[in-house]
Amino acid sequence: MVAKVAFLTAGGFAPCLSAALGRLIQRYTEIAPDAELIAYEHGYQGLLQGKSIPITDVVRERADLLTQYGGSPIGNSRVKLTNAADLVKRGLVAEGVDPLRAAADQLTRDGVHVLHTIGGDDTNTTAADLAAFLAKEDYDLTVVGLPKTIDNDVVPIKQSLGAWTAAEQGSRFAQNIIAEHNSASRMLIIHEVMGRHCGWLTAATAKAYNDWLDTREWLPEIGLDRREWDVHGVYVPEAVIDLDAEATRLRGILDEVGNVNIFLSEGAGVDAIVAELEAAGEEVARDAFGHVKIDTINPGAWFGKQFASRLGAEKVMVQKSGYFSRSAPANEADLELITQMCELAVDAAIAGNPGVIGQDEENDDQLSVIAFDRIAGGKAFDIETDWYLDLVDRIGQDRPVRAEAH
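Counting restarts for each chain, with residues numbered from 1 along the sequence as it is written. Predicted model: local features are reported for residues with pLDDT of at least 70 only, side-chain atom pairs are reported and counted for 80 or more only, and whole-chain, interface and lining totals are derived from all residues. Heavy atoms from the whole structure form the basis of all side-chain values; hydrogens and water molecules are not counted.

- Per an unreviewed UniProt entry, the recorded name for the protein chain is Pyrophosphate--fructose 6-phosphate 1-phosphotransferase, and the organism is Candidatus Avipropionibacterium avicola.
- Under the heading Catalytic activity (unreviewed entry), UniProt records this for the protein chain: "beta-D-fructose 6-phosphate + diphosphate = beta-D-fructose 1,6-bisphosphate + phosphate + H(+)".
- UniProt positions are given in the numbering used here, feature names are shortened, and annotations may be inferred rather than shown by experiment. UniProt's Sequence similarities (unreviewed entry) comment on the protein chain is quoted here verbatim: "Belongs to the phosphofructokinase type A (PFKA) family. PPi-dependent PFK group II subfamily. Clade 'P' sub-subfamily."

Okay, here's the thing in structure tokens:
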């Protein structure tokens, strides 16, 4: 039986962090009530700083309350334990200190036997680095991760925690934003959805919104016309985007319907945007993991500029649903998956079995403890998925052609 357990949440938010923490606390309270529980503040940053919060009896008794909220009550950060230069710059480790050893030493000082990490691919690959270091140095500690990412892009995990909720919330966002279509004539609305390399969330959000449209009643005689509310284009990083061909198609819609609504993955076209900026001599900002800081290059505005003149749009509105979606509380489907994963995570931790919990796509989607060395980010969305092709067919967009990078 484990004596002390620590939790941390890391990376960007997703609609599962608070709920997963709550479910883990509940599970330990049920089967290991004597285990001491702590949570590191702001993820790996708090671990390096030795800042933790004790999980008191009051928190144990009321842990279910955490399932009602989004965000993370213990805080997140983006920290890569193998990027020493970045951590020195941020004052999280001293010059010449190995961050992995600093983290391991802090866990040892705190007497932690199990560390649960809740995060996306970067969080779990960092957990993998830490787990490998611990094993090499014979530290007696088990690391068990949970997959959190609204992009749903962790290899080889079928469904990441929080992604279903994010798509549902993105649809809710779109319902209000697309109501703006009559605020001006010849309006182009671009709904920019999070998704650096993977278009799953954009596609799933567009589908959820389209499903919502199917439930509504319409009154075209007074201008309440479904055609004006429809999804007219969905663009994801995995598919080729022929700007000229799409502009011709969309201009026809704009001329007939009076407005155009596009769902755009923030990662679609990023390579072209970066190349354009760098060719102009501009430096493109990147984070500690080497990822382009997408918010600094503004893909939605770039696509709006590309389409506006081609379509003859009189007004362009770009709206981003990411922060609205990713900070929502988990919906029922996600809560069910969170509960299943947390139960297995605690069982694995008590058994001393490290890894990441997930539905293993390479093992018939079985919920399993997946070895850290099998975890990777950047899983591409399958643009030949039946529900996506059905959506593309319904909106009259050409069937997608896979981009060479994918």
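### Things to note about the packing of helix α1 (residues 17–31) against helix α15 (residues 332–350)
Link 1 in the chain: For every element, the axis is a line fit to its C-alpha atoms; helices are fit only across the contacting stretch, and the angle between N-to-C directions ranges from 0 to 180 degrees. In this text, helices come from DSSP runs of H or I with a minimum length of four residues, and strands from runs of E with a minimum of two, each type numbered from the N-terminal end. As a packed pair, α1 and α15 sit with axes 9 Å apart at the nearest point and diverge in direction by 50 degrees. Here α1 is positioned oblique relative to α15, judged by the angle of their axes. Once α1 is placed against α15, the crossing between them reads as right-handed. Residues A19, A20, R23, L24, R27, Y28 and I31 of α1 form the contact with α15, whose participating residues are L335, I338, T339, C342, E343, A345, V346, D347, A349 and I350.
Link 2 in the chain: The classification used treats Ala, Val, Leu, Ile, Met, Phe, Trp, Tyr, Cys and Pro as nonpolar, Asp, Glu, Lys and Arg as charged, and all other residues, Gly among them, as polar. Class assignment of the residues belonging to the contact of α1 with α15 gives a composition of twelve nonpolar, one polar and four charged. By definition in this entry, angles of less than 35 degrees are roughly parallel, angles greater than 145 are roughly antiparallel, angles of 65 to 115 are roughly perpendicular, and the rest are oblique. A clockwise turn of the near helix away from the far one marks a right-handed crossing, whereas an anticlockwise turn of less than a right angle marks a left-handed crossing. Note on contacts: a residue pair qualifies if any of its non-hydrogen atoms lie within 4.5 Å across the two residues.

### Quick word on the nonpolar core
Link 1 in the chain: Residues belong to a common nonpolar core when they are buried Ala, Val, Leu, Ile, Met, Phe, Trp, Tyr or Cys residues joined through side-chain atoms within 4.5 Å. Three exposure classes are used, based on accessible area relative to the maximum for each residue type with a 1.4 Å probe and protein chains only: buried under 20%, partly exposed in between, and exposed over 50%. If you look at the biggest cluster of nonpolar residues, it comprises 63 residues, and the most contacted ones within it are F7, Y28, L146 and V234.
Link 2 in the chain: At eight residues, α15 tops the list of elements feeding residues into this core.
Link 3 in the chain: In contact with L146, not counting residues within four places along its chain, are A20, L24, T117, I118, G119, N124, L161, M341, C342, A345 and I357.

### Looking at the packing of aromatic side chains
Link 1 in the chain: Centres within 6.5 Å are what make two rings of Phe, Tyr or Trp a pair, Trp counting through its six-membered ring; a difference in plane orientation under 30 degrees is then read as stacked, over 60 as edge-to-face, and the rest as tilted. Throughout the structure, instances matching the rule amount to 13 aromatic pairs.
Link 2 in the chain: Aromatic pair Y209 and F263: ring centres 5.6 Å apart, planes at 40 degrees, arrangement tilted. Here Y209, found in helix α8 (residues 200–214), pairs with F263, found in strand β8 (residues 259–265); they are 54 residues apart in sequence, far enough to count as distant. The same class applies to Y209 and to F263, which are both buried.

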